Amino acid sequence: MYNRHNNTLESVNLENYFENPKSRRQRQYEAVRTIVKDKMAIEEAARKFGYTTATVYTLLRDARAGKIDLFPEVKLGPRGRRVAEEIRDKIIALRKDNLSSPDIYQKISGEASISTIERILKEAGFEKLERRSNRQRGVTRGNKIIPEHSCSLHLQDMEPFSVSCPVVGIFFFIPYIVESGILSVVRDCSLPESSIIGAEEAALSMLLLKLIGNERLSHMDSYDHEPGLGLFAGLNVLPKATYMGTYSCRTSEDMLMTFQKRLMQRFIKIYPDMYGNGFINLDFHSIPHFGEFSEMEKVWCGARGKAMKGANTVFVQDSTSNVILYTRADILRREESEEIKKFVAYWREQKGKLDDTLVFDCHFTRYQVLDDLSGDNVQFITLRKRNPKLLEDTKNIPEKDWKKVTLPIPKRKYQHVSVYESEVTLTGCKNQFRQLIVKDHGRGQPTFVITNNRDLTLDKCLDVYAKRWHIENKLAELVAFFNLNALSSPLMIRIHFDILWTMVADTLYRRFTQDLRRFEHQLAPTIFKRFINMPGQIVYKNGELQLKIRKRAYTPILMGVEKLAKPFNIPWLNNCPLKIVWTA
């Protein structure tokens, strides 16, 4: 027998070779031949060749039926390459794009080894690439792909295309952005722009990241390669993180306040039902800063349960619609008590008058400021700080002087409370205020409500203050979805810029939910999860954009939105029409 390892012939005992077959096929052949030709008993043949009797019967049956081939034909000839032709073509195409062997290996997801890739390239006539820098390779030090430079899109000059978008639901906000006139306010306020990226495109890019709940404007590595998201802002791709993170440094506090005022004037004009519902909630919010070097003051951070360096911000909210009316970031501790006066001046400038009742807690301002507000005909509801003498005097009030009041709050555990009403003059004040002492309300000590609104009934006054928790819920929503506590910088101008766009995004979500039947009161995280966060395909052909989206559980709700049921134009894309197509 021929030994292929040392090119020699080995001697074989032929008698033993046939008596003790080695291969499976030879054993089957010898068993069948012995029974058929030598007339050996089936039981004896089974013992000789190591089979059971049933297996021998099966061999005979299959041999007679031609189901087994005892002498299979062995095909000889040259063997082909193990790598499929389509993989070889893909490797060569990637090398033509100037990719190295390791880069090609990652692109083809390991379907061929690096050595196999190098062999295929060598056979195809490609030489090894010269060593290149990270910039030449188009990657960063962290091996992340450097995105393309952003530039404006001119669809009328482009060939038909189709791109995927990971969050295609973001395009549902376009009719509401157009309706609200945000971009016209951006133009009027002359927000910064560059030679390549205009102010509108920059504003849309930042608004997009806020609408999808991105942590920070600079944390956008997952999105700056997506042409579908760039299309939303009128760009080929979104601007780089450096541009997004430093854009606010080109603005000033006066510019941002002017932008906020004109934006609010526009919102009030377009959405009058969302503003001026009679009661306004106010509250401070501390955004903690964890950096070592900053000029921030120490403020009390409720989320951390301690005082630490951070940005002190103020938020003002309509009590009924829950939209944000006013926000500011650069507030020093010594200026906190006067902040309410700044809002009063701001809101009067917006609406020409202030006939709403302001609602805030006892830490928001000082008693002397309450006196000033009362003298300025500004109505408010707040709390009075407890002290031992006040509590002792409350105990001495006869039980017959307390009134039983039922609060119109269905799910409240303690709906029936006791109220004692009186007129008081607070320390350092000239005006008298209406004081409501509340007990039997589920708390260990009485609550002292102070107001100068004498037209409200007892139950209405308590109900209004009880709903001050709406602004607490709003702040929790802004922290959870819009990442309000993700401080972008120790520079106050950047913080104010960030929370201003948070206010814009939140207003758009409020307006969008008004058109979602039975979802009018849902919060932004729920709306994003069910209606916005979905992949899709964007197709441009025949001068029209199409969003192709697969139907989902909540698609019927979206199909019932009038603004999305018919094509709408995108002004910043040369009024190109956009149509939503739902696929199976």
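Being a predicted model, the structure only gives us computed values, none of them experimental.

Asks: Honestly, unusual backbone geometry in this entry has me stumped. Any pointers?
Replies: For residues other than glycine, phi is negative in most cases, and the peptide bonds are mostly trans. Non-glycine residue Lys39 carries a positive phi angle of around 60°. Given the relative accessible area of 67%, Lys39 is considered exposed. We note that Asn575 has phi near 55°; this positive angle belongs to a residue other than glycine. Topologically, Asn575 is positioned in the loop between strand S16 (568–570) and strand S17 (576–583). Asn575 sits in the partly exposed class, given a relative accessible area of 47%.

Asks: So what exactly am I meant to see when it comes to the packing of aromatic side chains here?
Replies: We describe a pair of aromatic rings using the distance from one ring centre to the other and the angle between the two ring planes. According to the stated counting rule, one finds 28 aromatic pairs in the structure shown. Relative to Phe512, the ring of Phe173 lies with its centre 5.3 Å away and its plane at 55°, an arrangement referred to as tilted. Within this pair, whereas Phe173 is found in the loop between strand S3 (161–165) and helix H9 (174–180), its partner Phe512 is found in helix H20 (residues 492–513), the two being separated by 339 residues in sequence. Grouping residues by exposure puts Phe173 and Phe512 together as buried. Here Lys439 stacks its cationic end above the ring of Trp402, 4.2 Å away from the centre of that ring.

Asks: Is there a simple way to think about the pattern of salt bridges in this case?
Replies: Proximity of charged atoms lets side chains of opposite charge pair with each other. According to the stated counting rule, one finds 29 salt bridges in the structure shown. Put simply, Glu339 and Arg328 hold a salt bridge, and the shortest N to O gap is 2.8 Å. Separated by eleven residues along the polypeptide, Glu339 in helix H15 (residues 339–351) and Arg328 in strand S7 (residues 324–328) bring together distant segments of the chain. Among the charged side chains, a network of salt bridges with common partners joins Glu85, Arg88, Arg119 and Glu123.

Asks: Is there a simple way to think about H15 in this case?
Replies: Quick reminder: α-helices carry 3.6 residues per turn. Residues three or four places apart thus point the same way. Between the first and last C-alpha of H15 there are 19 Å, a value that for 13 residues agrees with the 18 Å anticipated at 1.5 Å per step. By the burial criterion, the buried members of H15 are Glu339, Ile340, Phe343, Val344, Tyr346, Trp347 and Gln350.

Asks: Looking at this model, I keep getting lost on the sheet that holds strand S14 (residues 536–541). Mind explaining?
Replies: Note: strands within a sheet are paired through backbone hydrogen bonds, in either parallel or antiparallel orientation. Pairing in this open sheet of five strands is mixed, and the strands run S3-S14-S15-S17-S16 from one edge to the other. The open sheet has two free edges, formed respectively by S3 and S16, since each of these has just one partner strand. Adjacent strand axes in the sheet meet at a mean angle of 30° when their direction is disregarded. In the sheet, S3 pairs with S14 via five bridges, with the strands oriented antiparallel. When the bridges of S14 are listed, Cys165 appears paired with Gly536.

Asks: Looking at this structure, how should I read the pairing of strand S4 (residues 279–288)?
Replies: Each regular strand displays side chains that alternate between the two surfaces of the sheet. Counting buried residues along S4, ten of its ten residues qualify, which places the element largely inside the surrounding structure. Residues Phe279, Asn281, Asp283, His285 and Ile287 line one face of S4 and the alternating positions Ile280, Leu282, Phe284, Ser286 and Pro288 line the opposite face, and both faces are buried. For S4 and strand S8 (residues 357–359), the ladder comprises three bridges, and the chain directions are parallel. Across the sheet, Ile280 pairs through a bridge with Leu358, a residue of S8.

Asks: How do you make sense of a positive patch on the surface when you look at a structure like this?
Replies: A surface patch of like charges, here positive, comprises Lys298, Arg304, Lys306 and Lys309. As for its placement among the helices and strands, Lys306 is situated in strand S6 (residues 306–318).

Asks: Teacher, can you tell me more about the pairing of S7 here?
Replies: Most of S7 sits out of view: five of its five residues are buried. Looking at chain direction, S6 and S7 are connected through four bridges and run antiparallel. From the neighbouring strand, Gln317 faces S7, where its bridge partner is Ile324. Counting the residues in the hairpin turn of S6 and S7 gives five residues, including Asn322, whose phi is positive at 70°.

Asks: Honestly, the nonpolar core in this entry has me stumped. Any pointers?
Replies: Among soluble globular proteins, nonpolar side chains are generally buried collectively. In terms of nonpolar packing, the biggest core is built from 125 residues, with Phe171, Phe512 and Leu545 touching the most fellow members. With eleven residues, the top contributor of residues to this core is H20. Ignoring any residue separated from it by four or fewer positions in sequence, one finds Phe171 in contact with Cys165, Gly228, Leu231, Phe232, Ile538, Leu547, Phe568 and Leu578.

Asks: It is not clear to me how a nonpolar patch on the surface should be interpreted in this structure. Could you clarify?
Replies: On the surface, a nonpolar cluster with roughly 370 Å² of combined accessible area is contributed by Val12, Leu14, Tyr17 and Phe18. With respect to the secondary-structure elements, Tyr17 resides in helix H1 (residues 14–19).

Cut-offs applied
- Residues numbered from 1 in each chain as written.
- Predicted model: local features only at pLDDT ≥ 70, side-chain atom pairs only at ≥ 80, totals over all residues.
- Heavy atoms only, no water.
- Buried < 20%, exposed > 50% of the residue type's maximum accessible area, 1.4 Å probe, protein only.
- Helix = DSSP H or I, 4+ residues; strand = E, 2+ residues; numbered from the N terminus.
- Phe/Tyr/Trp six-rings, centres within 6.5 Å; stacked < 30°, edge-to-face > 60°.
- Lys NZ or Arg CZ within 6 Å of the ring centre and 35° of its normal.
- Salt bridge = Lys/Arg side-chain N within 4 Å of Asp/Glu carboxyl O.
- Expected span 1.5 Å × (residues − 1).
- Pairing = 2+ DSSP bridges.
- Axes fitted to C-alpha atoms, helices over the stretch in contact; angles between N-to-C directions.
- Patch = residues over 30% accessible without salt bridge, like charges linked within 9 Å, V, L, I, M, F, W, Y side chains within 5 Å.
- Areas by Shrake-Rupley, 256 points an atom, 1.4 Å probe, with all protein chains shown as cover.
- Lys, Arg positive; Asp, Glu negative; His and termini not counted.
- Charge placed at Lys NZ, Arg CZ, Asp CG, Glu CD.
- Core = buried A, V, L, I, M, F, W, Y, C linked by side-chain atoms within 4.5 Å.
- Contact = heavy atoms within 4.5 Å.

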